[in-house]
Amino acid sequence: MNDPLELISKFAADLPAEAAKGEEALWDYLARRGAGIVNCHAASFFEADDAKKRLTFKKSIGPVGGDLVGVAFGYQGVVGFCAEGRKSVLVNDAENSPLFTKKVDKGSGFQTKSALAVPAIANGELLGVMEFINSIPGAFTEDDLKCAEMMTALAARDVYIVRLGTTIKQLNLKGESTINNLSGGFIGADLEGKVIFFNPKASEIFEVGQEYLNKPVVELFQLCPDIVGAIGDVLKQGKTVRRQEFKCKVNGKEKVIGYSSINMKGVDGKVIGGGIIFQDITNL
């Protein structure tokens, strides 16, 4: 017989590869690999809407698994009890358990004899319920329950991380879109002095392309020394200015640039770099 700890260790080791594929792959992996580890005939993951007290079949493997995906219902039965109390439930005699409801069995033609239901919780948020159904040996054990809880906790953690990553990416894309659509120029560098923003208006004002993007901010010296000075003051000293001016030669033409310098902050409020917002005020 395989050592449960060894099985969980292997389960955890393969999680990163599944996480790279996204949330759907993680729940699918939990259902499929989990069913093998706790040795049962079927498994379902129910996505929870805790505000509306509803559960939806997200992943389901077994004889009628494909027919159940997408079906939603209010908190009820073993999984509803698990979601409501946020505690695992072990039922080895479904027929006589007061927690069990036969509605799904009647609709699907499947007969549930035993069930393990485990809440998938991450950062205090109920993501759903993982249910393993019909133990092949005949009854689920406390060891099966512990394995199910560990696997579900690991998968829920990684799903939560994937969701955070997606949210941050969306925020970054939104921020980048805002910067690119500014009416003025914007050049920004990260804390290591690498240019991470050089918006279209900046390219227009200085009559260059995107060749300075991802380059050290000091390379902007050949474009205009005052840019390096202004961004350097922010990065090294945290010094920002408002409504200052400098002159710069652009392809032989002298331009007057009005600018303000800023600290760039991330979604958590921490400083992640410095930059300048500017306009060509030569003809004003």
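Note: the structure precedes this text.
Keep in mind the model is a prediction, meaning the values are calculated, not measured. (Residues numbered from 1 in each chain as written. Predicted model: local features only at pLDDT ≥ 70, side-chain atom pairs only at ≥ 80, totals over all residues. Heavy atoms only, no water.)

Visitor: An account of the overall build of the chain is needed here, citing residue identities and associated values.
Guide: Helix and strand counts for the chain stand at eight helices and 11 strands. Counting only residues that meet the buried cut, the chain has 45% of its 284 residues in that class. Per element, the accessible surface of the chain, about 15,100 Å² overall, is 52% carbon and sulfur. (Helix = DSSP H or I, 4+ residues; strand = E, 2+ residues; numbered from the N terminus. Buried < 20%, exposed > 50% of the residue type's maximum accessible area, 1.4 Å probe, protein only. Areas by Shrake-Rupley, 256 points an atom, 1.4 Å probe, with all protein chains shown as cover.)

Visitor: Can you explain helix H1 (residues 4-19)? Please cite residues and give values.
Guide: Over its 16 residues, H1 runs 22 Å from end to end, which matches the ideal 22 Å to within 8%, given 1.5 Å per residue. At Ala13, H1 is bent by approximately 25 degrees, the largest bend along its length, and proline Pro16 sits one to four residues beyond. Inspection of H1 places Ile8, Phe11, Asp14, Leu15, Glu18 and Ala19 among the buried residues, and these make up the whole buried set. Among the residues of H1, the N-terminal cap falls to Asp3, whose side-chain oxygen and the backbone nitrogen of Leu5 are separated by 3.2 Å. (Expected span 1.5 Å × (residues − 1). Bend = angle between axes of the 7 residues up to and from the residue. Polar contact = N/O pair within 3.5 Å; in protein donor to acceptor, adjacent residues only side chain to side chain.)

Visitor: Residue-level account of the sheet that holds strand E9 (residues 244-250), with values.
Guide: Read across the sheet, five strands follow the order E8-E7-E11-E10-E9 without closing on themselves; strand pairing throughout is antiparallel. Where the open sheet ends on each side, the last strands, each with one partner, are strand E8 (195-198) and E9. The sheet shows a mean angle of 30 degrees between the axes of neighbouring strands, direction not considered. Note: strand E7 (residues 185-190) against strand E11 (residues 271-280), six bridges, orientation antiparallel. Across the sheet, the residue bridging to Phe186 is Ile277, located in E11. Sitting on the sheet, helix H8 (residues 225-237) is in contact with E7, E9, strand E10 (253-265) and E11, with an inclination near 145 degrees to E11. (Pairing = 2+ DSSP bridges. Axes fitted to C-alpha atoms, helices over the stretch in contact; angles between N-to-C directions. Contact = heavy atoms within 4.5 Å.)

Visitor: Run through helix H2 (residues 23-38), naming residues and quoting values.
Guide: Its 16 residues place the ends of H2 22 Å apart at the C-alpha level, agreeing with the 22 Å of an ideal helix rising 1.5 Å per residue. Regarding H2, the residues found buried are Glu23, Ala25, Leu26, Trp27, Tyr29, Leu30, Ala31, Gly34, Ala35, Ile37 and Val38. Directly beyond the C-terminal end of H2, a positive phi value near 60 degrees is found at Asn39.

Visitor: Summarise the packing of aromatic side chains; cite the residues concerned and give the values.
Guide: Counted according to the given criterion, the structure contains nine aromatic pairs. Considering the side-chain rings of Phe198 and Tyr212, the 6.0 Å spacing of their centres and the 25 degrees angle between planes classify their relative orientation as stacked. Highlighted residues: Phe198 in strand E8 and Tyr212 in the loop between helix H7 (200-206) and H8, separated in sequence by 14 residues. Neither residue differs from the other here; Phe198 and Tyr212 are each classed as buried. Counting every residue linked through ring pairs, the aromatic cluster contains Phe46, Phe57 and Phe73. (Phe/Tyr/Trp six-rings, centres within 6.5 Å; stacked < 30°, edge-to-face > 60°.)

Visitor: Could you give me a rundown of the pattern of salt bridges, with the residues and numbers involved?
Guide: Per the counting criterion, the structure on display carries 18 salt bridges. Across the pair Asp50 and Lys53 runs a salt bridge whose closest N-O atoms are separated by 3.7 Å. The network of salt bridges with common partners includes Glu23, Glu24, Glu47, Lys58, Lys59, Glu125 and Arg163. (Salt bridge = Lys/Arg side-chain N within 4 Å of Asp/Glu carboxyl O.)

Visitor: Pulling in residues and values, what's your account of the side chain of Asp158?
Guide: Residue placement: Asp158 occurs in helix H6 (residues 142-180). On the basis of relative accessible area, Asp158 is assigned to the buried category, the value being 8%. Apart from the residues within four sequence positions on either side, Asp158 is in contact with Leu15, Ala19 and Leu26.

Visitor: Could you give an account of the sheet that holds strand E3 (residues 72-74), naming the residues involved and the relevant values?
Guide: Each strand in a sheet pairs with another by means of backbone hydrogen bonds, the pair being arranged parallel or else antiparallel. Within the open sheet, the six strands sit side by side as E3-E2-E1-E6-E5-E4. Their pairing is antiparallel. If you trace the sheet from one side to the other, it starts and ends with E3 and strand E4 (89-91), each paired once. Taking each pair of neighbouring strands and ignoring which way they run, the sheet shows an average axis angle of 25 degrees. Note that strand E1 (residues 40-49) and strand E6 (residues 125-135) share seven bridges and pair antiparallel. Bridge pairing in E6 places Phe45 opposite Met130. Running over the sheet, H2 touches E1, strand E2 (54-61), strand E5 (115-122) and E6 and is turned about 30 degrees from E6.

Visitor: Outline unusual backbone geometry, supporting the account with residue identities and numerical values.
Guide: With phi around 55 degrees, Arg243 is a residue other than glycine that occupies positive phi space. Structurally, Arg243 is set in the loop between H8 and E9. Look at Arg243 and you get exposed, because its relative accessible area is 67%. Backbone geometry places Asn251, a non-glycine residue, at a positive phi of 50 degrees.

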